[in-house]
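Coordinate inspection notes
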Amino acid sequence: MNTATPDLRQNYFELFELPVSSAVDKKALRTRYMALQREFHPDKYAAADDQHRRMAVQIAAMVNEAHDTLADPLKCAEYCLRLQGVEIDAETDSSMDTAFLMEQMEWREKLEDITDAGSEARAQLSDLRAQIANSVESIGGETAGKLEQKDTAGARELIRKWQFLVKIDREAQAVGSQLDD
Amino acid sequence: MAYSDKVIDHYENPRNVGKMDANDENVGTGMVGAPACGDVMRLQIKVDDNGVIEDAKFKTYGCGSAIASSSLVTEMVKGKTLDEAAAIKNMEIVEELALPPVKIHCSVLAEDAIAAAIADLREKRGEAKAESAA
C-alpha cells in the first residue's frame, strides 16, 4: 500500500496531525477530516485486492471515530485524559461531590416543574438552559487547564461532572421541543 | 430493550417517593450519581430509637431501571437495622428486578445510595458503628 497509509495504532491527534489538546482547532480538524475521508474512501479501493480493501475500511472507520471524538468537547476531554492513562469509570464509580449532586437534583426538579408550568415555561426554561450553558463553558475551560497541567485527578472529577451537564442539557432541549409542539 | 414486569411496576408505581428533613438527626441522606447516564439519586432513611429503619424515601432522575432499583431498595430497608441494611448487595436488586447486564450499574447506584445514607446517619450520630438491635 502507499506510504501515506496511517498507522492504526497512532492516536487520534496524530492521525489528524493536531497537537494533543482538548482545545481542538475546529477548522484544522474539518480540513484534515475531509482530506482523510477522500484519501481512504472505500470506493477508491473498490478495485484493490482484499487486504487493501479491508485496510481502507478499517482506516475509514477509525477516521470517523476519531473525528467524532475530537469534534465533541466532552468526548475529546475524556480521550485526552485516557491518553494520560486515566479512565473516568463512568459506570462503576458513583461517588460525587454532594453539593454538585444537590445542584443537579435541584435543576432536574426545576426542569420537571417546567414541563407542566404553562405560560412562564419558556422564560424559566431559557433561564435554566443559560445556567447549564454557563456551567458547561466554565467546566470545559477548567478541564482544559487541568489536562494541560497533567492534573489527572482534577480533570477526571471535572469530566465526570461535565457528563451530568450534557445529560441535563439534552433533557432541557427535549423539554424545549415539547413546548414548541 | 424490554423491561421486566417488576421494573415497569416500580417505574409506574414508585414506592416511597419523597423527601425527608435532611437536618433531622434521625434521618440519613445519601446522594449518588452515575456519570455514564447522568442519573442522580437521593435516598433517605429514618431510624427509630432502636436504630431500626422505620421509613425510607427516594427521588431519582434517571432511567426506569434506576428508578425501580431505588424504589425497591426503599422497600427492602424498612424494618432493618443499619447493619442489616448495609449488608444489602446490588445482586439482590438485580435478581428481584431481573435487570439485564447493561442495567446492573443502576442496582450498584442504589446500593451505593443506601450505603451513603447509612454513612451520613452514622456520622451525624457520632457512631463509628451502629448499635445492633438484637
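Reading the values: the criteria
- Residues numbered from 1 in each chain as written.
- Chains lettered and ligands numbered in written order.
- Predicted model: local features only at pLDDT ≥ 70, side-chain atom pairs only at ≥ 80, totals over all residues.
- Heavy atoms only, no water.
- Helix = DSSP H or I, 4+ residues; strand = E, 2+ residues; numbered from the N terminus.
- Rg over C-alpha atoms; globule rule 2.2 N^0.38 Å.
- Buried < 20%, exposed > 50% of the residue type's maximum accessible area, 1.4 Å probe, protein only.
- Core = buried A, V, L, I, M, F, W, Y, C linked by side-chain atoms within 4.5 Å.
- Domains from an automatic or database assignment.
- Contact = heavy atoms within 4.5 Å.
- Polar contact = N/O pair within 3.5 Å; in protein donor to acceptor, adjacent residues only side chain to side chain.
- Axes fitted to C-alpha atoms, helices over the stretch in contact; angles between N-to-C directions.
- Parallel < 35°, antiparallel > 145°, perpendicular 65-115°, else oblique.
- Nonpolar A, V, L, I, M, F, W, Y, C, P; charged D, E, K, R; others polar.
- pLDDT = per-residue confidence, 0-100.

Take the overall build of chain B next. A tally of helices and strands in chain B yields five helices and three strands. Shown N-terminal to C-terminal, the secondary structure of chain B runs as helices and strands in the order α-β-β-β-α-α-α-α. Over its C-alpha atoms chain B spans a radius of gyration of 14 Å, differing by no more than 12% from the 14 Å that the globule rule assigns to 134 residues. When the backbone C-alpha atoms are referred to their principal axes, chain B occupies close to 45 × 30 × 25 Å. Every one of the 134 residues in chain B was classed for burial, and the buried ones make up 54%.

As a further point, take the nonpolar core. Residues and elements named next belong to chain A. Core analysis: the biggest nonpolar cluster contains 42 residues, and Phe 13, Phe 16 and Leu 70 have the highest contact counts within it. Counting only elements with at least two residues in this core, the list comes to α1 (12-15), α2 (26-39), α3 (50-71), α4 (73-83), α5 (98-115), α6 (121-148) and α7 (152-180). For this core, the element with the most residues is α7, which contributes eight residues. Here this core gathers at least three residues from each of two domains, domain 1 (12-71) and domain 2 (98-180). When neighbours within four sequence positions are excluded, Leu 70 is seen to be in contact with Tyr 12, Phe 13, Phe 16, Leu 18, Val 24, Leu 29, Cys 76 and Tyr 79.

Before going further, it helps to examine the side chain of Thr60(B). All names here are of chain B. Assignment of secondary structure puts Thr 60 in strand β3 (residues 53-61). A polar atom in the side chain of Thr 60 sits 2.8 Å from the side chain of Ser 70. Those residues in contact with Thr 60, other than ones at most four positions away along the chain, are Val 40, Met 41, Ala 66, Ile 67 and Ser 70.

It is worth spelling out the environment of Glu148(A) at this point. Residue and element names in this part refer to chain A. Locating Glu 148 in the fold gives a position in helix α6. Note on Glu 148: relative accessible area 64%, which makes it exposed. Taking the C-alpha atoms as reference points, Glu 148 and Ser 135, separated by 13 residues in sequence, lie 20 Å from one another.

A separate point is the packing of α2(A) against α3(A). All names here are of chain A. At a minimum axis separation of 11 Å, α2 and α3 run at an interaxial angle of 170 degrees. Here α2 lies roughly antiparallel to α3, going by the angle between them. Touching Lys 26, Leu 29, Arg 30, Tyr 33, Leu 36 and Gln 37 of α2 are Val 63, Asn 64, His 67, Leu 70 and Ala 71, all from α3. Its residues assigned to classes, the contact of α2 with α3 shows six nonpolar, three polar and two charged.

What follows deals with the confidence of the model for chain A. With 94% of its residues at a pLDDT of 70 or more, chain A shows a mean pLDDT of 89. By mean pLDDT, α5(A) is the weakest element of chain A at 89, and α4(A) is the strongest at 96.

On to the environment of Ala113(B). Residues and elements named next belong to chain B. Mapped onto the fold, Ala 113 is located in helix α5 (residues 104-124). Residue Ala 113 is classed as buried on the basis of its relative accessible area of 0%. For the pair Ala 113 and Cys 63, spaced 50 residues apart in sequence, the C-alpha separation works out to 16 Å. With sequence-adjacent residues up to four places away left out, Ala 113 is seen in contact with Gly 30, Val 32, Met 41 and Leu 43.

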